[in-house]
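Next come the chains, spelled out residue by residue.
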Amino acid sequence: MLSENLRNESLEEKSKNFLEEIIEEDIRTGKHAGRVLTRFPPEPNGYLHIGHAKSICLNFGLAQRYGGKTNLRFDDTNPTKEDVEYVDSIKEDVHWLGFDWAGEYYASDYFEQLYEWAIVLIKKGLAYVDDQTQEEIRTTRGTVNQAGKDSPWRNRSVDENVDLFKRMRNGEFKDGEKVLRAKVDMAHPNMLLRDPILYRIIHTEHHRTGDKWCIYPMYDYAHGQSDSIEKITHSICTLEFDVHRPLYDWFIEKLEIFPSHQYEFARLNMTYTMMSKRKLLQLVQEKVVMGWDDPRMPTICGLRRRGYTPEAIRFFTEKVGIAKRDNVIDLSLLEFCLREDLNRRAPRRMAVLNPLKVVITNYPDGQVEQLEAVNNPEDESAGKRLVPFSKELYIEQEDFMENPPKKFFRLAPGQEVRLRYAYFMRCNEVIKDSAGNITELRCTIDPASKGGNSPDGRKVQGTIHWVSAQQAIKTEVRLFDRLFTKANPDDVAEGEDWKSSINPDSLKVIEAYLEPALAEAKSLDKFQFERMGYFSVDYDSKPGKLVFNRTTTLKDTWAKISGQ
RNA sequence: UGUCCUGUAGUGUAAUUGGCAACACGUCUGAUUCUGGAUCAGAAGAGUCCAGGUUCGACCCCUGGCAGGACAACCA
């Protein structure tokens, strides 16, 4: 269940972003009869990441808010890069985020229509077959400050162009031998309008159309027309497509088809995070990470495995807002959103990550008590559980200091702390090995303080968590740190690769001791290990051999005070 | 030596369309607490990229600069 706070936040009367303003204006003026239809158009050539989540929540969210619908459309116009593996993962991730699409479409569904429209353009004298090589086309395009040159094939007759284009489709030419280009203006200040390529020849099997086609439309020629075919009212994309809009409009105008309109917003960037699909692919291929769903990856599946919830991610995309200026969001905002959600819903458990043995000298050998512990102080309905207590415990190494500084509220020689939900405990003796390392603590408890409160009303400064050594279950715990050492991973010294900012210590695997209630945890179950953070069960878990991922730590005021 | 987009606390996003800048994260206090968590109360922090102009009044409109970003794949 979504926590109250998150729910209120999303329903709260909030100021509108520029897209909401536009849509409300369109509805007000009766454009498209008030209809709102958006689309999320991924290319199935990689896994979705948190940046896509922003776009997904935007597109689906806008439609929901204004009584519209959203299509899922795969932009599958390049068979050399795309694969069904990716379409499956994309569908799974969009669903997991909590959205259902109205129609599931593929640009490849429209290949025949697109082809016919190309013929229309040719017949209007607005497209031609070019025999130049890739190299020639590139050099004659000019530069941003310099006009391009017309192709020698630019003025072929309509009949010749139609014939050649049909033969391109029929497979009479090799890859790269010919292309179909729009005839716009080789001197246009916008490079994209310098006779853009519409079709290229690729003799490669397509994951959906098989070997039916050997010519494939380019993005600019396919995308807007696909929007138009679906009668998309608001085609929302990221800023870098802004320069494409004149071309988007050009096709719609020349073809005289449904006038979809494109709007651009600024993509999401985050500190210590790499958002480039290409580079993420590299991390996977070079085995820097375990895969696309490595919990350190910013992919949706990575975040899911890490222990993030769809609610937290949606809340985050609300908080980052929508605008047109470049932005870099603090990773701390994502973590805030996560904690906000998990704090309300994650059951509490006790787990010791870094064990220090404690022997309670005034506790009977072999005795085991079951003590009652609250499952979630934020949610009474979560109930209570029993935790075993005995003579030998483990506590966190960091919770004991032989020579504590002034503000250290935890255990120290002669000091008393509360063992959460158990007893007040005093440390009497520190046992060390020959090298001087602390190996064991001898302590006594106050039997009258059972349950955690002393009848004489005396206070203790600190409460620490613990686990009974005998009943504890030993599990693997994976501690993650940010994947990159630099806030901007691309900001590296001259001649250095972005990979030089990869954090070599982003994964630390340890063995931890958990209270027995955790034995039944299942994949993706989420818990707060008291005072240590939020943890989620990894897919690698096997019966009797659990693996936990640390999703994130708790806010740690002590670390700040002590200067860690 | 081009075209387009964008400049508001450290980071994001607002400002009822011209009425002396708000919210969130972060930071810092204090209260409270059987999690140094959560919660509660409070504080510091920008005068809106710069310079002119219009106006009683400009973050908002105009002019000119400056800065950042995008565009020269048969990628999307």
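In this text the structure is predicted, and so the values were computed from the model without any measurement.

J.: What am I meant to see in the packing of helix 3 (residues 50-65) against helix 12 (residues 310-320) here?
T.: The relative placement of two packed helices comes down to the angle between their axes together with the axis-to-axis distance. Across the interface, helix 3 lies against helix 12 with an axial gap of 9 Å and an inter-helix angle of 80°. Relative to helix 12, helix 3 is oriented roughly perpendicular. Facing helix 3, whose interface residues are Ile50, Ala53, Lys54, Cys57 and Arg65, helix 12 presents Ile313, Arg314, Phe316, Thr317, Glu318 and Val320. The residue inventory of the contact of helix 3 with helix 12, partitioned by class, reads six nonpolar, one polar and four charged.

J.: What am I meant to see in the nonpolar core here?
T.: Phe165, Leu180, Leu198, Tyr199 and Tyr221 are the most contacted members of the largest nonpolar core, which has 36 residues in total. Per-element accounting of this core gives the leading share, eight residues, to helix 5 (residues 111-123). Discounting residues that sit within four places of it in the chain, Leu198 has contacts with Leu121, Ala127, Leu180, Arg181, Ala182, Tyr216, Pro217, Met218, Tyr221 and Phe251. Formed by 35 residues, the second largest nonpolar core is a distinct cluster that contains Leu72, Val94, Ile300 and Phe315.

J.: Any chance you could explain the packing of helix 5 against helix 7 (residues 158-169) here in plain terms?
T.: The N-to-C vectors of helix 5 and helix 7 enclose an angle of 160°; their axes lie 9 Å apart at closest approach. Comparing their axes, helix 7 and helix 5 come out roughly antiparallel. Seen from above, helix 5 lies across helix 7 with right-handed handedness. Judged by residue contacts, Glu112, Tyr115, Ala118, Ile119, Ile122 and Lys123 of helix 5 engage Val158, Asn161, Val162, Phe165, Lys166 and Arg169 from helix 7.

J.: Is there a simple way to think about the sheet that holds strand 1 (residues 37-40) in this case?
T.: Pairing within the open sheet is parallel, and its three strands lie in the order 1-2-3. Taken across any chain shown, the strands that pair with only one partner, and hence form the sheet edges, are strand 1 and strand 3 (104-106). Neighbour-to-neighbour, the strand axes of the sheet open up by a mean angle of 35°, direction not taken into account. Judged from the four bridges that link them, strand 1 and strand 2 (residues 69-74) form a sheet pairing that is parallel. When the bridges of strand 2 are listed, Phe40 appears paired with Leu72.

J.: I would appreciate a short explanation of the sheet that holds strand 25 (residues 547-552) in the present structure.
T.: Strand pairing in a sheet relies on backbone hydrogen bonds, with the paired strands running either antiparallel or parallel. Here we have seven strands laid out as an open sheet, ordered 10-23-24-25-21-22-11, and mixed in their pairing. The open sheet terminates on both sides in strands that have one partner only, identified here as strand 10 (348-349) and strand 11 (351-352). Pairing analysis gives three bridges linking strand 21 (residues 473-480) to strand 25, with the strands arranged parallel. Across the sheet, Glu476 pairs through a bridge with Val547, a residue of strand 25. Lying over the sheet, helix 13 (residues 331-345) contacts strand 10, strand 23 (526-529), strand 24 (533-537) and strand 25, oriented at roughly 120° with respect to strand 25.

J.: How do you make sense of the environment of Cys427 when you look at a structure like this?
T.: Tracing the chain through its elements places Cys427 in strand 17 (residues 424-432). With a relative accessible area of 2%, Cys427 lands in the buried category. Discounting residues that sit within four places of it in the chain, Cys427 has contacts with Phe400, Leu411, Ala412, Pro413, Gly414, Gln415, Leu441, Arg442 and Cys443.

J.: Sorry, what's going on with the protein's contact with RNA strand B here?
T.: Surveying the vicinity of RNA strand B reveals 70 residues, the closest of which are Arg348, Arg410, Arg418, Gly451 and Thr557. Taken together, the sugar and phosphate atoms account for 65% of what RNA strand B places within 4 Å of the protein. A distance of 2.9 Å separates a phosphate oxygen of RNA strand B from a polar atom in the backbone of Tyr219. In the environment of RNA strand B, a base nitrogen lies 2.6 Å from a nitrogen or oxygen atom belonging to the side chain of Gln528. For the surface near RNA strand B, the elements supplying multiple residues, two or more each, are helix 6 (134-139), strand 6 (197-201), helix 12, helix 13 and helix 14 (557-561). Across the surface near RNA strand B, the residue classes tally to 25 nonpolar, 21 polar and 24 charged.

J.: Would you mind going over the pattern of salt bridges with me for this structure?
T.: Oppositely charged side chains may form a pair once their charged atoms are brought near each other. One pass over the full model with this rule turns up 56 salt bridges. With a shortest N-O distance of 2.8 Å, Glu240 and Arg267 are connected by a salt bridge. With Glu240 in the loop between strand 8 (234-238) and helix 9 (245-255) and Arg267 in the loop between strand 9 (261-265) and helix 10 (277-285), this residue pair connects regions lying 27 residues apart in the sequence. The class of Glu240 is partly exposed, set by a relative accessible area of 38%. Salt bridges here are not isolated pairs; linked through shared partners, they connect Asp293, Arg305, Glu476, Arg478, Asp538, Asp540 and Lys545.

J.: Would you mind showing me how to read helix 2 (residues 18-28) here?
T.: Residues spaced three or four apart along an α-helix point in a common direction, a consequence of the helix completing one turn every 3.6 residues. All buried positions along helix 2 are accounted for by Leu19, Glu20, Ile23 and Asp26. Along helix 2, the residues classed as buried sweep out an arc of 125° about the axis, all on the same side. Turning to helix 2, the residues buried within the fold contact helix 3, strand 8 and strand 9. The backbone nitrogen of Leu19 lies 2.9 Å from a side-chain oxygen of the residue at the head of helix 2, namely Asn17. Where helix 2 terminates, the next one or two residues include Gly30, which has phi positive at roughly 75°.

Reading the values: rules and limits
Residues numbered from 1 in each chain as written. Chains lettered and ligands numbered in written order. Predicted model: local features only at pLDDT ≥ 70, side-chain atom pairs only at ≥ 80, totals over all residues. Heavy atoms only, no water. Axes fitted to C-alpha atoms, helices over the stretch in contact; angles between N-to-C directions. Helix = DSSP H or I, 4+ residues; strand = E, 2+ residues; numbered from the N terminus. Parallel < 35°, antiparallel > 145°, perpendicular 65-115°, else oblique. Contact = heavy atoms within 4.5 Å. Nonpolar A, V, L, I, M, F, W, Y, C, P; charged D, E, K, R; others polar. Core = buried A, V, L, I, M, F, W, Y, C linked by side-chain atoms within 4.5 Å. Buried < 20%, exposed > 50% of the residue type's maximum accessible area, 1.4 Å probe, protein only. Left-handed = near helix turned anticlockwise from the far one by under 90°. Pairing = 2+ DSSP bridges. Near = heavy atom within 4 Å. Polar contact = N/O pair within 3.5 Å; in protein donor to acceptor, adjacent residues only side chain to side chain. Salt bridge = Lys/Arg side-chain N within 4 Å of Asp/Glu carboxyl O. Arc of directions from axis to C-beta.

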